Amino acid sequence: MDTGTRGPLPPEIYRRRRALALGVGALVLVVIVVIAVVVARSGSSNDGNTNAATDTTAEATAPEVKSPVVPPAVNSPAPTPTQTKAVEPPPVLKAGDDCPDSTLAVKGITNQPRYNVGDQPKFTMVVTNIGVVGCKRDVGASVLAAYVYGLDNKRLWSNLDCAPSNETLVKTIEPGTQVTTEVTWTGMGSEPQCPMPRQPIGAGTYNLVIQLGNLKSAPVPFVLNEAGAGEPPAEPAPAEPAPAETHAPGPAPGN
């Protein structure tokens, strides 16, 4: 058995060992590079797919925003300031001035509450100064009129229909005083311009209204009864008993 020390190996063996070590190292390096490339590409692909999906979802869910259509500017004129006038009080009424409607009142009066068909009712037209100053007003037949209306507010008669007048009668009316005018109704119906024939107004309840210009009175009701159906006659008073009959004594008999 040789126990002596071996000598160095031949150089060729060392070269082979170095070449094998380099080859293994190079192979390991290549494997590492390949793995790194594959991993990098896989990550990039996943990121791209995720971004694409996110963009698609955002596009699908985001509402469509429309820009408002702005009309072209028009050179409109500047607003003109409105001028307001102070409310002026009505002029103070002086004695002798014309009477405004606010200082007058009109009313109608019937000479009785009931009539029979065929009667001729008498109506009184009254104009009263309810102001505090004496003033003037035309109360002539051209502006002062009486009207008869049915309960359905149908106009049946006016004293101006068949007897129009241009009479002007200006009167000074002192505060609290009245001007009265009387008119008679024949009981016939009438219309403006008095067309013929005129028809008699039948039994019923009617209203008298007086008008002066734009002033109207409150309606005054009255009744027309059938002819002969007026107020029931009063019962006759009981007759007084006749006085007892007396006889004058005869001459005393002679002796």
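Now for a look at the structure at hand. (Residues numbered from 1 in each chain as written. Predicted model: local features only at pLDDT ≥ 70, side-chain atom pairs only at ≥ 80, totals over all residues. Heavy atoms only, no water.)

## Comments concerning a nonpolar patch on the surface
1) Next: Side chains of Leu-20, Val-24, Val-28 and Ile-32 sit close together on the surface and give an oily, nonpolar patch of about 380 Å² of accessible area.
2) Next: Looking at the secondary structure, you find Ile-32 in helix 1 (residues 11–61).
3) Next: By relative accessible area, which is 52% here, Ile-32 ends up exposed. (Patch = residues over 30% accessible without salt bridge, like charges linked within 9 Å, V, L, I, M, F, W, Y side chains within 5 Å. Areas by Shrake-Rupley, 256 points an atom, 1.4 Å probe, with all protein chains shown as cover. Salt bridge = Lys/Arg side-chain N within 4 Å of Asp/Glu carboxyl O. Helix = DSSP H or I, 4+ residues; strand = E, 2+ residues; numbered from the N terminus. Buried < 20%, exposed > 50% of the residue type's maximum accessible area, 1.4 Å probe, protein only.)

## A word on unusual backbone geometry
Where the residue is not glycine, phi is negative for most of them; where a peptide bond is considered, it is trans in most cases.
1) Next: A cis amide bond, omega -5°, links Met-196 with the succeeding residue Pro-197.
2) Next: Inspection of the secondary structure assignment puts Pro-197 in the loop between strand 8 (178–184) and strand 9 (204–212).
3) Next: The backbone of Asn-153 shows a phi angle near 70°, a positive value even though the residue is not glycine.
4) Next: If you trace the backbone, Asn-153 turns up in the loop between strand 5 (144–150) and strand 6 (155–158).
5) Next: On the accessibility criterion, Asn-153 (61% relative accessible area) is exposed.
6) Next: Although it is not a glycine, Cys-194 adopts a positive phi angle of roughly 50°.

## Quick word on the environment of Ser-217
1) Next: When you line up the elements, Ser-217 lands in the loop between strand 10 (215–216) and strand 11 (220–225).
2) Next: For Ser-217 and Val-106, which are 111 residues apart along the polypeptide, the C-alpha to C-alpha distance reads 5.2 Å.

## A few points about the state of the cysteines
1) Next: Overall, the coordinates contain two disulfides when judged by the stated rule.
2) Next: Disulfide pairing is shown between Cys-99 and Cys-135; the S-S distance is 1.9 Å. Judged by the sign of its S-S torsion, about 105°, the cystine formed by Cys-99 and Cys-135 is right-handed. Taken together, the positions of Cys-99 in the loop between helix 1 and strand 1 (104–110) and Cys-135 in strand 4 (residues 135–138) put the pair 36 residues apart, joining distant regions of the chain. For the pair Cys-99 and Cys-135, one class covers both residues: buried.
3) Next: The disulfide bridge from Cys-162 ends at Cys-194, spanning 1.9 Å between sulfur atoms. Residues Cys-162 and Cys-194 are joined through a disulfide that is right-handed, its torsion about the S-S bond being 85°. You can see Cys-162 sitting in the loop between strand 6 and strand 7 (170–173) and its partner Cys-194 sitting in the loop between strand 8 and strand 9, a full 32 residues away along the chain.
4) Next: Each bonded cysteine of the protein gets a number by its place in the sequence, and the pairs then read 1-2, 3-4. (Disulfide = S-S within 2.5 Å.)

## As for the pattern of salt bridges
1) Next: Taken as a whole, this structure holds two salt bridges when the rule is applied.
2) Next: The shortest N-O distance in the salt bridge between Arg-137 and Asp-101 comes to 2.9 Å. Of the two residues, Arg-137 sits in strand 4 while Asp-101 sits in the loop between helix 1 and strand 1, which places them 36 residues apart along the sequence.
3) Next: What makes Asp-101 partly exposed here is its relative accessible area of 30%.
4) Next: Asp-161 is the salt-bridge partner of Arg-155, the closest N and O atoms lying 2.7 Å from each other.
5) Next: The class of Asp-161 is buried, set by a relative accessible area of 7%.

## A closer look at the environment of Thr-128
1) Next: Tracing the sequence through the fold places Thr-128 in strand 3 (residues 122–129).
2) Next: Along the primary structure Thr-128 and Lys-107 are separated by 21 residues, whereas in three dimensions their C-alpha atoms are 8.5 Å apart.
3) Next: Setting aside anything within four residues of it in sequence, one finds Thr-128 in contact with Thr-103, Leu-104, Ala-105, Thr-177 and Gln-178.
4) Next: For Thr-128, the side chain forms a polar contact with the side chain of Gln-178, separated by 3.2 Å. (Contact = heavy atoms within 4.5 Å. Polar contact = N/O pair within 3.5 Å; in protein donor to acceptor, adjacent residues only side chain to side chain.)

## Some words on the nonpolar core
1) Next: With 26 residues, the main nonpolar core has Phe-123, Val-127, Val-148, Trp-185 and Phe-222 as its most contacted residues.
2) Next: Beyond its immediate stretch of four places on either side in the chain, Trp-185 contacts Asp-119, Gln-120, Pro-121, Phe-123, Val-148, Trp-157, Ile-201, Phe-222 and Leu-224. (Core = buried A, V, L, I, M, F, W, Y, C linked by side-chain atoms within 4.5 Å.)

## Details of the pairing of strand 1
1) Next: Side chains of strand 1 alternate between two faces, with Leu-104, Val-106, Gly-108 and Thr-110 buried and Ala-105, Lys-107 and Ile-109 left unburied.
2) Next: Where strand 1 meets strand 3, seven bridges bridge the pair, whose relative direction is antiparallel. Bridge pairing links Gly-108 to Met-125 in strand 3. (Pairing = 2+ DSSP bridges.)

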